[in-house]
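# Per-entry structural report
These are the residues of each chain, in order.
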Amino acid sequence: MSKNLLFKVLVLLCFAAVAVLWILSAAEIITINLAWTIAIFAFALGALFIGKGLFAKNVGTFKKMNILFGAALVVAGVLALVGTFIDKNLVLPIIALIVIVAVLLCVLATGGKKWDQGDNENAGYKNYYQRKKEKEEKENRRDDD
């Protein structure tokens, strides 16, 4: 099973779990708090996207996008819980902490690599004309011998 398939299945299982809770609530079998359901769903999806960003072998931009999208989902989960047990004064510091951790994870996931530098920026690089001149000089030395 590929990692991408596992990610898709886990995301769909999160959606299925919310749908089952909705059905059970509509049938009045259980009573659920909508804020808690949204928060748990957002936290689960956020964790999946952050995990995908950290462990998938993608281009650095895709890794960062997955991590930042996961962090946005975690922020949405925090916002869903405002008023339940999170005080309104704590919302902005919690969001700031989530953003800082997301940026840190972005740096760690990409390894802090900068963009590829061109060959002409490497020490001792010779352009086409310099290589051609050296090749002609070698051929001239062979012809002289």
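These lines cover the structure that appears in this document, whether it is placed above or below. (Residues numbered from 1 in each chain as written. Predicted model: local features only at pLDDT ≥ 70, side-chain atom pairs only at ≥ 80, totals over all residues. Heavy atoms only, no water.)

### Focus: the nonpolar core
Core analysis: the biggest nonpolar cluster contains 16 residues, and Ile-67, Ile-86 and Ile-98 have the highest contact counts within it. Contributions of two or more residues to this core are made by α2 (34-55), α3 (60-80) and α4 (91-110). If sequence neighbours within four positions are ignored, Ile-86 has contacts with Val-78, Leu-81, Val-91 and Ile-94. By size, the runner-up hydrophobic cluster in this structure holds seven residues, among which are Cys-14, Leu-45, Phe-49 and Leu-73. (Core = buried A, V, L, I, M, F, W, Y, C linked by side-chain atoms within 4.5 Å. Buried < 20%, exposed > 50% of the residue type's maximum accessible area, 1.4 Å probe, protein only. Helix = DSSP H or I, 4+ residues; strand = E, 2+ residues; numbered from the N terminus. Contact = heavy atoms within 4.5 Å.)

### Some remarks on the packing of aromatic side chains
A complete count under the given rule lists five aromatic pairs for this structure. With a centroid separation of 5.0 Å and 70° between ring planes, the pair formed by Phe-15 and Phe-41 is classed as edge-to-face. Taken together, the positions of Phe-15 in helix α1 (residues 3-26) and Phe-41 in helix α2 put the pair 26 residues apart, joining distant regions of the chain. Looking at Phe-15, the relative accessible area reads 44%, which means it is partly exposed. Three or more aromatic residues joined by ring pairs make a cluster, and in this case those are Phe-7, Phe-49 and Phe-69. (Phe/Tyr/Trp six-rings, centres within 6.5 Å; stacked < 30°, edge-to-face > 60°.)

### Section: α2
Across its 22 residues, α2 extends 31 Å between first and last C-alpha, which sits within 8% of the 32 Å expected from 1.5 Å per residue. Looking only at α2, the buried set comprises Ala-35, Thr-37, Ala-39, Ala-42, Leu-45, Gly-46, Leu-48, Phe-49, Ile-50 and Gly-53. The N-cap of α2, judged by a side-chain oxygen 3.2 Å from the amide nitrogen of Ala-35 a few residues on, is Asn-33. (Expected span 1.5 Å × (residues − 1). Polar contact = N/O pair within 3.5 Å; in protein donor to acceptor, adjacent residues only side chain to side chain.)

### Focus: the side chain of Thr-37
The topology assignment puts Thr-37 in helix α2. Judged by relative accessible area, which is 13%, Thr-37 ranks as buried. Setting aside residues no more than four positions away along its own chain, Thr-37 makes contact with Val-18, Leu-21 and Ile-32.

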